[in-house]
Amino acid sequence: MRSRADSSMAERKRQLVADELRDAALMLLATRGFDAVTVGDIVAAAGMSRRTFFRYFASKEDVVVQFLADMGTDIIAGLAARPRTEPPSVALRHAFWVPLAACTDHEDHAERARIVARLILDTPALHARWLERQIQWRSALTAELAVRHSLDPDTDPYPRMAAGMALLAFDTVLHQWPAGGDEQRLAELTDRAFAVVAPALDALTASHNAG
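### Things to note about the overall build of the chain
Thought 1: A tally of helices and strands in the chain yields nine helices and zero strands.
Thought 2: Ordered by position in the sequence, the α and β elements of the chain form the string α-α-α-α-α-α-α-α-α.
Thought 3: Taken over the C-alpha atoms alone, the chain extends approximately 60 × 50 × 30 Å along its principal axes.
Thought 4: Out of the 211 residues belonging to the chain, those deemed buried represent 44%.
Thought 5: Long-range pairs, those at least 24 residues apart, make up 67% of the contacts in the chain between residues at least 6 apart in sequence.
Thought 6: Accessible area for the chain stands at about 11200 Å²; split by element, carbon and sulfur atoms hold 54% of it.
Thought 7: Charge centroids of the chain, computed over 24 positive and 28 negative side chains, lie 6 Å from each other.

### Quick look at the pattern of salt bridges
Thought 1: The full count for this structure, using the stated rule, is eight salt bridges.
Thought 2: Note that Asp41 is salt-bridged to Arg32, the shortest N-O span being 3.5 Å.
Thought 3: The class of Arg32 is partly exposed, set by a relative accessible area of 49%.
Thought 4: Linking Asp122 and Arg118 is a salt bridge whose minimum nitrogen-to-oxygen distance equals 2.9 Å. Here Arg118 and Asp122 lie together in helix H6 (residues 107–122), a separation of four residues that amounts to about one turn.
Thought 5: Asp122 gets classed as exposed once you look at its relative accessible area, which sits at 52%.
Thought 6: On the accessibility criterion, Arg118 (22% relative accessible area) is partly exposed.
Thought 7: Linked through salt bridges whose partners overlap, the residues forming this network are Asp19, Arg22 and Asp23.

### Quick look at the packing of helix H5 (residues 88–103) against helix H8 (residues 158–176)
Thought 1: Packing of H5 against H8 leaves a shortest axis separation of 11 Å and a crossing angle of 45°. For the element pair H5 / H8, the angle class is oblique. The element H5 and its partner H8 pack so that their crossing is right-handed. Here Pro88, Leu92, Phe96 and Leu100 of H5 lie close against H8, whose contacting residues are Tyr158, Ala162, Ala166, Leu167, Phe170, Val173 and Leu174.

### Topic: the side chain of Arg148
Thought 1: Within the secondary structure layout, Arg148 lies in helix H7 (residues 124–148).
Thought 2: Salt bridges are absent for the buried Arg148, whose nearest opposite-charge side chain, Glu144, sits at 4.5 Å.

Cut-offs used in this document
Residues numbered from 1 in each chain as written. Predicted model: local features only at pLDDT ≥ 70, side-chain atom pairs only at ≥ 80, totals over all residues. Heavy atoms only, no water. Helix = DSSP H or I, 4+ residues; strand = E, 2+ residues; numbered from the N terminus. Buried < 20%, exposed > 50% of the residue type's maximum accessible area, 1.4 Å probe, protein only. Contact = heavy atoms within 4.5 Å. Areas by Shrake-Rupley, 256 points an atom, 1.4 Å probe, with all protein chains shown as cover. Lys, Arg positive; Asp, Glu negative; His and termini not counted. Charge placed at Lys NZ, Arg CZ, Asp CG, Glu CD. Salt bridge = Lys/Arg side-chain N within 4 Å of Asp/Glu carboxyl O. Axes fitted to C-alpha atoms, helices over the stretch in contact; angles between N-to-C directions. Parallel < 35°, antiparallel > 145°, perpendicular 65-115°, else oblique. Left-handed = near helix turned anticlockwise from the far one by under 90°.

Everything listed is a geometric property; what it means functionally is a separate question.
Written out as structure tokens, the structure is:
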């Protein structure tokens, strides 16, 4: 019988392999474009076999889907970790900054992430997946916002509307992310996007509190 430590180590190893495949795939997709990259190219870059690749991903498209799923997980976790006394615009801005900050931990990573973001937005098949993920994110954000503000998401419009506004701000940041933009430039762009929706986000909760 495997011990908990053995299981944990095996899980970490699986995650490391998945991360290596993901990073190799994203690097190639960012430099060559989606259509020009094959699974064979990815496994060659990662130094692994096709069999190993298909143990973790169903296709090269699935790599990008997982990348998006991880972003969503970071955003929801980021929102849940924010103090409930924070204005919604502040909490949401910090939550959506979590995956962006992870992309800017190194200059090369930031530019790669920007190119991958543009690839997703400009490639019809990937953009469709992006929209699918946004629907899932909106549902999770709606639920979290409802809990934070003690609202019923089935009868109160605020949680769903707030989630939609935050996603629109994030989508705008990705569309306007400039080539060569450093962390400060990206942070400024994020601040501006969330500043646009802040009055609505915070006024809605203010009206609920007044009531």
